[in-house]
Every structure is written in structure tokens, then in C-alpha cells.
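# Structural overview
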Amino acid sequence: MSFKIIYCIPSLYLAGGMERVLTLKANYFAEVYGYETIIILTDGEDKKPFYELSPRVKIINLNINFEELNGKPIIRKILLYLKKQYKYKNKLKKCLFEIKPDITISMLRREINFINSIKDGSVKIGEIHFSKANYRDLNGEKIFGHIQKLIAHLWMKQLIHQLKKLDKFITLTDQDRQMWTELKNVETINNPLSFSPGITSKCENKQVIAAGRYVNQKGFDLLIEAWSIVEKKHPDWELHIFGDGDRKSLELLFDKYDIKNCFLEYSTSDISTKFINSSIYVLSSRYEGMPMVLLEAIAFGLAVVSFDCPCGPKDIITNRIDGVLVESGNTIQLANEICTLIENDDLRKEMGFNAQKNAEKYRIENICQLWKNLFENLTNNKRK
């Protein structure tokens, strides 16, 4: 059974996890299943996708330019947002009626507010790449605290109202699925691995690795604090953090903790080699959806130490078997567990071996088969 599928996402030029996963799935659906796959964007019209898209995947950019809202005062931002949202709704509605897709998937960005009202006949699916606790987070907005809480409450209430109308709502982890107690249309489909490596790490090099954007969410400030403890015990080991963004605040911590062997690297297209040359992967995030880089680390057979943050690590790691889960935010415990793996070669290698076996279930053919089954079930029910 072949399908015509539309995905809605703001842009594809960013090197984010959501963009990466969508590219992987869209390519697979188009190349392997032969689905007519179309991605509708609102921003980044003159910027090429960061991840390589199959020529069989079509892109339509509506050129709404929501990025124009960035940096605007809150009142101006709201007025401009409403104007652009109205324009987006009309343009997307026109697209759906012209293309007549079987399935329309919202990545739970701005279109989730109105996509159910577009009666084009397609199955409507929502796909969230954040945990419920951290979705529509207003902490970056300069609003008085009590007003901020009220807005966040009303925003979530409105979101749940829309999610109930979807044919299906997909979370990345079971941990997150259990948080959406208001909904009965929720299923979990994990992220797929971006590749299946032919070679794995021997877990022998004295190198620890982490990766992600240099933002508060990723908790690299906590990792550097923990590393200050590790480095004093094991000065012959190095920590390499790969990512993009503002590194100034992190560099200041090097002086604060007198750190010598931690290096802030730029993101690389050859992360595979970095994994192979490392022995331990550390995830220090304050929150996640389902971290792609953690899946990649276990696929390369690295021993993993991760904060037990919401959501993702607990779904991926079996504690003390193929990795170690640490109390979220506990930098002393994080440091101690990194030291334990550094000091125990056999344990480190055993966890890396078990992690690589665990990664098999996240192969893209297994994950995309779950999506294929979902598409078939939903479209068959729609036709009844």
C-alpha cells in the first residue's frame, strides 16, 4: 500500500535532532516504501537542509518567516505572530486541498493549533520530540512569574484540546507517553538510529565524549563541573564536547575549576570517527525528547553514563547492564560513575558490548515498519 504523506516542520537547515529524524524517515519512506513524501516548511527559504534529503522527497516552503519574531518585544511579538499564523493557516489549507495527502503529520509546531480544522480528508497525526514537562516552555520569555504560569497553563490546556482531536498522537518514549494522562489516542514509536556502524569502539582510548548544542538544556555546565572531579583523579583522560552555539559561559568554567583536559569542539560531519576513538559517552541533559546522539553512542558500543532526565535515557538504558543512570543534576554522582568506568576496563567494555546489542532494536527498518503499520491501520479505519 502506497501513501502520500505530508510533514509540517518550521525548517530543515538547523542541525537539530527533530530535523535529523524527519530527514531519516522521509528518505526511507520515499526510497524504500515508495511513498510520495512532501515536507512543508515555514522558514529558511534560502537555506539548504542540513541533512541530505533524497531527491524523491519534495519540499514546499510557504515562506511565512516566523523567525522574524525573534528578539521582538512581547506585545509586538504576539501581534506579529497572530498575523503570520493566519497567513500560515490559509497557505497550508490551500496546500492540503491541492495535494490531497493520505496522511498529514504535524511535528507539534505552530500548525498543531489549527490543523484539525482543515477538513481535507487526510489522517492527522501529531509527533512530539520533547517531553511533556518541557514542551511550550516559557522560561526564555521576560514575563512576570504569575502571568507566565497562567499563560503556560492556558497554552497547555489549548494544546491538549487539539491533541484529543488527532487520529493519533505519537511520543518518543513510554516515559513521556505516561505523562499524557488526559489523552486516549497516544502511542510510542522510538527514534531510529541514523546509521548501523560496521565498526565499534574498543573502549580502550582514554577519551570521554559528549555532543549537542551549547545550550542550557544539554547541561554541559554540569558535565564540566563533574569533569573537574574526574580530571583530578585521572589527569591522563580527556573530555571532548562536540556542538555549536555560545561557548563563552562554558569556557569561563574552565578557569573556575582549573580544567586542563576538557575541549569544546565544533560539530562535525564525521562524528562516527569520534565515537570509535572514544570509550565513554556522557549525557548530561536537563531534559530530552529521545536523544539521537545517545542511540548513536550505544550503536558504536560506547559505555554510557547519563542523567536520568525526562525523557529518553530510562527508555534506552538498562541501568548497570548497558549503561549507568545517575540522579538528574547530581554532578558528584556523575563524576563518580565516570571514574568507575575509567577504573574498570572489563566493566567498561562489557557495558559497551551490551549497549551495541541493545541498539539493534532501533535500526531504521524496525522503526519505520512500526510507522508503516500505523499508517495502514489509521487509513483503513478512516475508510470504514
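Below, the structure is looked at part by part. Please read these numbers as outputs of a predicted model, since none were measured by experiment.

Quick look at the sheet that holds strand 5 (residues 123-127) now. Across the sheet, 7 strands lie side by side as 3-2-1-4-5-6-7; this open sheet has parallel pairing. Lying at the two open borders of the sheet, with one neighbouring strand each, are strand 3 (57-61) and strand 7 (186-188). In this sheet, adjacent strand axes meet at a mean angle of 25° when their direction is disregarded. Pairing of strand 2 (residues 36-41) with strand 3, which is carried by 5 bridges, proceeds in the parallel orientation. Bridging across to strand 3, Ile-38 finds its partner in Lys-58. The strands touched by helix 1 (residues 17-31) within the sheet are strand 1 (4-8), strand 2, strand 3 and strand 5, with strand 2 carrying the most contacts at an inclination of about 150°. Strand contacts of helix 2 (residues 74-99): strand 1, strand 2, strand 3 and strand 4 (103-106), with the helix running at about 170° to strand 1, the strand carrying the most contacts.

As a further point, take the environment of Lys-168. Within the secondary structure layout, Lys-168 lies in strand 6 (residues 168-171). A relative accessible area of 15% means that Lys-168 is categorised as buried. Once the C-alpha coordinates of Lys-168 and Ile-75 are considered, the two residues, 93 residues apart in sequence, prove to be 34 Å apart. Setting aside residues up to four positions removed in sequence, Lys-168 forms contacts with Lys-124, Ile-125, Gly-126, Asn-185, Glu-187, Leu-374 and Leu-378.

Moving on, we get to helix 11 (residues 345-358). The first and last C-alpha atoms of helix 11 sit 20 Å apart over 14 residues, in line with the 20 Å expected at 1.5 Å per residue. Within helix 11, burial applies to Arg-348, Met-351, Gly-352, Asn-354, Ala-355 and Asn-358. Seen along its axis, helix 11 keeps its buried residues to an arc of 165°; they face one direction. Helix 11 presents Asp-346 and Phe-353 as exposed residues on the side facing more than 90 degrees away from its buried surface.

Summed over the entire model, instances satisfying the criterion amount to 17 aromatic pairs. Seen in terms of ring centroids, Phe-66 and Tyr-81 are 6.1 Å apart; in terms of plane orientation they differ by 45°. Their pairing is tilted. One end of the pair, Phe-66, is in the loop between strand 3 and helix 2; the other, Tyr-81, is in helix 2, with 15 residues separating them in the sequence. For Tyr-81, a relative accessible area of 24% gives the class partly exposed. Following the ring pairs from residue to residue traces out a cluster consisting of Phe-3, Tyr-28, Phe-29, Tyr-33, Tyr-35, Trp-371 and Phe-375. Here the guanidinium or amino end of Lys-132 rests over the ring plane of Trp-180, the centre of that ring lying 5.1 Å away. Here the guanidinium or amino end of Arg-247 rests over the ring plane of Tyr-266, the centre of that ring lying 3.9 Å away.

Bringing the side chain of Ser-106 into the picture now. Structurally, Ser-106 can be placed in strand 4. Of note is the side chain of Ser-106, whose polar atom sits 3.0 Å from the backbone nitrogen of Leu-108. Non-local contacts of Ser-106, meaning those with residues more than four positions away in its chain, are made with Cys-8, Glu-111, Ile-112, Ile-115, Ile-125, Gly-126 and Glu-127.

The next subject is the nonpolar core. The biggest cluster of nonpolar side chains holds 60 residues, and the ones touching the most others in it are Ile-39, Ile-125, Tyr-281 and Phe-375. For this core, the element with the highest residue contribution is helix 1, accounting for 8 residues. Those residues in contact with Tyr-281 that lie beyond four places of it in its chain are Ile-209, Ala-210, Ala-211, Phe-275, Val-293, Leu-294, Ala-297, Leu-302, Ala-303, Val-304 and Val-305. Judged by nonpolar contacts, the second largest core, of 34 residues, contains Tyr-214, Phe-254, Leu-264 and Met-351.

The next point concerns a positive patch on the surface. On the surface, Arg-76, Lys-83, Lys-87, Lys-91 and Lys-94 cluster together into a patch of positive charge. Within the element layout of this structure, Lys-83 appears in helix 2. A relative accessible area of 63% places Lys-83 in the exposed class.

Reading guide: rules and limits
Residues numbered from 1 in each chain as written. Predicted model: local features only at pLDDT ≥ 70, side-chain atom pairs only at ≥ 80, totals over all residues. Heavy atoms only, no water. Pairing = 2+ DSSP bridges. Helix = DSSP H or I, 4+ residues; strand = E, 2+ residues; numbered from the N terminus. Axes fitted to C-alpha atoms, helices over the stretch in contact; angles between N-to-C directions. Contact = heavy atoms within 4.5 Å. Buried < 20%, exposed > 50% of the residue type's maximum accessible area, 1.4 Å probe, protein only. Expected span 1.5 Å × (residues − 1). Arc of directions from axis to C-beta. Phe/Tyr/Trp six-rings, centres within 6.5 Å; stacked < 30°, edge-to-face > 60°. Lys NZ or Arg CZ within 6 Å of the ring centre and 35° of its normal. Polar contact = N/O pair within 3.5 Å; in protein donor to acceptor, adjacent residues only side chain to side chain. Core = buried A, V, L, I, M, F, W, Y, C linked by side-chain atoms within 4.5 Å. Patch = residues over 30% accessible without salt bridge, like charges linked within 9 Å, V, L, I, M, F, W, Y side chains within 5 Å. Areas by Shrake-Rupley, 256 points an atom, 1.4 Å probe, with all protein chains shown as cover. Salt bridge = Lys/Arg side-chain N within 4 Å of Asp/Glu carboxyl O. Lys, Arg positive; Asp, Glu negative; His and termini not counted. Charge placed at Lys NZ, Arg CZ, Asp CG, Glu CD.

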